Amino acid sequence: MTGTLLGSIVDEAARAWAKLAGYQVYLVATPFGPGLPNLQAYHTSVVVDRMEYSFCPFGVVLGHGPESHRAFDSSRTKIFDMGYARVDARDFAKNMRELFMRGSYDLLRKNCNSFSDVALSYLVGKRLESKFSQMEQIGASADKYSALVRLGSGGAYRPNPAAEGFCAAEAMVALEPEIRWEACVERPHQVHSPLVNAGMPRLGVAW
């Protein structure tokens, strides 16, 4: 009992310290396109202390607040408090930039949700909820469905050879920080954040 109590105290102290010294981490998600039974496409990104990190064909893009979601219906945008992270922001940015390089984006196999999944794992030790990455479930069988996807996209989709072999789980293992700080928030919960309506510049910066 004493050991359990001590462990609980240590855990609470770690969470309190992370909250005081760490970065606030948010997941931003916006649904887009027609919703089909058990299939809804989402655009997601990660905000770390008001700085947004998202992934697109140009690579990792930075914005002030949820910049990348302005291309969609912002009235449907939801922001989730993921907790606090104590990592070196420069190391995080460098590692993510090297993994999610310009030209490696693939609509099904390596997209914005792949990026958010890996980023959340790195920052707060959590995975992106599966409902946000339903398109990736098709991507797991891209060879089987790629012809159908090309047809449905009017021929716009072409598998990107640069994304061949990408695996989010393997990326998480490779990027795992030496010290994992547990998020202060046990379960993601939606928040009403000023980030959504913040008056920020519309253009992000591609690295």
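Residues numbered from 1 in each chain as written. Predicted model: local features only at pLDDT ≥ 70, side-chain atom pairs only at ≥ 80, totals over all residues. Heavy atoms only, no water.

S.K.: With reference to specific residues and values, describe the overall build of the protein chain.
M.R.: From N to C terminus, the protein chain includes six helices and seven strands. What you see in the protein chain, going N to C, is helices and strands ordered as α-β-β-β-β-β-α-α-α-α-α-β-β. For the protein chain, the proportion of its 207 residues judged to be buried stands at 44%. Within the protein chain, residue pairs in contact and separated by at least 24 positions form 74% of the contacts whose partners lie at least 6 positions apart. Accessible area for the protein chain stands at about 11500 Å²; split by element, carbon and sulfur atoms hold 57% of it. (Helix = DSSP H or I, 4+ residues; strand = E, 2+ residues; numbered from the N terminus. Buried < 20%, exposed > 50% of the residue type's maximum accessible area, 1.4 Å probe, protein only. Contact = heavy atoms within 4.5 Å. Areas by Shrake-Rupley, 256 points an atom, 1.4 Å probe, with all protein chains shown as cover.)

S.K.: So what about the nonpolar core? Which residues, and what values?
M.R.: Among the nonpolar cores identified, the biggest contains 31 residues, and Val25, Tyr53, Met96, Phe115, Val118, Leu120 and Leu123 are the most heavily contacted of them. Listing elements by their share of this core, those giving two or more residues are strand 1 (23–36), strand 2 (39–48), strand 3 (51–56), strand 4 (59–64), strand 5 (78–85), helix 2 (89–99), helix 3 (112–124) and helix 6 (168–175). With seven residues, helix 3 is the largest single contributor of residues to this core. (Core = buried A, V, L, I, M, F, W, Y, C linked by side-chain atoms within 4.5 Å.)

S.K.: Now, about helix 3: what can you tell me, with residues and values included?
M.R.: At 3.6 residues per turn, the α-helix brings residues three or four places apart onto the same side. In this model, helix 3 (13 residues) spans 18 Å end to end at C-alpha, consistent with the 18 Å of a helix rising 1.5 Å per residue. Of all 13 residues that make up helix 3, 13 are buried, and the element is covered over most of its length. The N-cap of helix 3, judged by a side-chain oxygen 2.9 Å from the amide nitrogen of asparagine 113 a few residues on, is asparagine 111. Glycine 125 occupies a position one or two residues after helix 3 and carries a positive phi of about 70°. (Expected span 1.5 Å × (residues − 1). Polar contact = N/O pair within 3.5 Å; in protein donor to acceptor, adjacent residues only side chain to side chain.)

S.K.: Tell me about the packing of aromatic side chains, and name the residues and values.
M.R.: Under the defined criterion, the tally for this structure stands at 10 aromatic pairs. Taking 5.0 Å as the distance between ring centres and 70° as the angle between the ring planes, the aromatic pair formed by phenylalanine 55 and phenylalanine 100 counts as edge-to-face. Taken together, the positions of phenylalanine 55 in strand 3 and phenylalanine 100 in the loop between helix 2 and helix 3 put the pair 45 residues apart, joining distant regions of the chain. Among the aromatic residues, those joined into a ring-pair cluster are Phe55, Phe100, Tyr105, Phe115 and Phe166. In this structure, lysine 110 packs its charged tip against the face of phenylalanine 100, placed 5.3 Å from the ring centre. (Phe/Tyr/Trp six-rings, centres within 6.5 Å; stacked < 30°, edge-to-face > 60°. Lys NZ or Arg CZ within 6 Å of the ring centre and 35° of its normal.)

Honestly, it's all geometry; don't read function into it.
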